[in-house]
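Remarks on the overall topology
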Amino acid sequence: GLVGSEMCIRDRRVFRFAAQQLVSLVHVAFDYLAFSEDVGFYVGRETFHGISKASLVWNLVRDLILYLYLQEQEAGLVVLFGLMLALLSDFFKIQRVLKPALVIRPRFPLFFIVTAPLRTPPAKATAKYDKEATSHLYLATFPMLFGVALYSLVHDVHRTYYGWIVSSLADLVYYFGFIMMTPQLYINYRLKSVEHMPSRALFYRFLNTIIDDLFSFIIVMPTMHRIS
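Below or above, wherever it landed, is the structure these notes cover.

Look at helix α4 (residues 121-155) against helix α6 (residues 182-191): their axes get within 9 Å of each other, and the N-to-C directions meet at 140 degrees. Of the possible angle classes, the one that applies to α4 and α6 is oblique. As for how α4 packs across α6, the hand of that crossing is right-handed. Counted together, T126, Y129, D130, E132, A133, T134 and L137 of α4 and T182, P183, Y186, I187, R190 and L191 of α6 form the full contact between these two elements. Residues belonging to the contact of α4 with α6 are distributed by class as follows: seven nonpolar, three polar and three charged.

Structure follows, in structure tokens:
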């Protein structure tokens, strides 16, 4: 009986290891396909009306916070690899859509960042809808940020102040991240179209979300990231 129990445990471990490797491989494959399609969608375009600039910046901030948090929590390489691809995609899209430029001058402030001017009516309409959708969100987000950070400092245990800051920012992303989908949804609604969205990249991300939901307890990640 003892030998049979040990064999059963060994079989479960082998099955778990094989499942983990298979899920990791599929996860990385879909991450790469989504990254490739996302970048390819923006490479050949000259006009970017219908794309929320606020959402692009938020996606970059969100993915950077999650990467720092998961790295600090020693998450698995599969999760970190997906976020690295997402960060590369975020930087590329911001460079393509906003065309940011650094301006340095001899008076205060010493430098600031400017973006490309809006030249076409669709681009101006997109900027208008984007501003309408984000103006109230920022007023609600910043008090939440300070509240979450203060609560975490008082009630949670952190190894360092860096860990507290990154953890508090990650909590804000996890709790209120869906709020920042609103600008793009609002623009889609006002334009009555989603042709400006990278549909194939979104489809690959959708498939990856299903994989995450089904196998979140196999891939190594913090509990908060697993639940979200």
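From this point, things continue past the structure.
Another point: the pattern of salt bridges. For the structure on display, the rule yields five salt bridges. Here K93 ties to D38 by a salt bridge, and the two come within 2.9 Å at their closest N and O atoms. With K93 in helix α3 (residues 77-97) and D38 in helix α1 (residues 2-43), this pair connects stretches of sequence that are 55 residues apart. As a salt-bridge pair, R205 and D38 come within 2.7 Å of each other at their nearest N and O atoms. Taken together, the residues R205 in helix α7 (residues 199-215) and D38 in helix α1 connect sequence positions 167 residues apart. A relative accessible area of 35% places R205 in the partly exposed class. Judged by relative accessible area, which is 0%, D38 ranks as buried. The network of salt bridges with common partners includes D38, K93 and R205.

A cluster of nonpolar side chains, contributed by L150, L153, V154 and Y161, occupies part of the molecular surface with about 460 Å² of accessible area. In terms of residue count, α4 provides more of the nonpolar patch than any other element does, three residues in total. Mapped onto the elements of the fold, L150 is located in helix α4. Taking relative accessible area as the criterion, L150 reaches 53% and is therefore assigned exposed.

On to unusual backbone geometry. Even without being a glycine, K99 presents a positive backbone phi close to 50 degrees. Position of K99 relative to the elements: it lies in the loop between α3 and β1 (101-104). The class of K99 is partly exposed, set by a relative accessible area of 42%. Even without a glycine there, the phi angle at K192 is positive, about 55 degrees. By the element assignment, K192 lies in the loop between α6 and α7. Judged by its relative accessible area of 63%, K192 falls in the exposed class.

About the criteria used
Residues numbered from 1 in each chain as written. Predicted model: local features only at pLDDT ≥ 70, side-chain atom pairs only at ≥ 80, totals over all residues. Heavy atoms only, no water. Axes fitted to C-alpha atoms, helices over the stretch in contact; angles between N-to-C directions. Helix = DSSP H or I, 4+ residues; strand = E, 2+ residues; numbered from the N terminus. Parallel < 35°, antiparallel > 145°, perpendicular 65-115°, else oblique. Left-handed = near helix turned anticlockwise from the far one by under 90°. Contact = heavy atoms within 4.5 Å. Nonpolar A, V, L, I, M, F, W, Y, C, P; charged D, E, K, R; others polar. Salt bridge = Lys/Arg side-chain N within 4 Å of Asp/Glu carboxyl O. Buried < 20%, exposed > 50% of the residue type's maximum accessible area, 1.4 Å probe, protein only. Patch = residues over 30% accessible without salt bridge, like charges linked within 9 Å, V, L, I, M, F, W, Y side chains within 5 Å. Areas by Shrake-Rupley, 256 points an atom, 1.4 Å probe, with all protein chains shown as cover.

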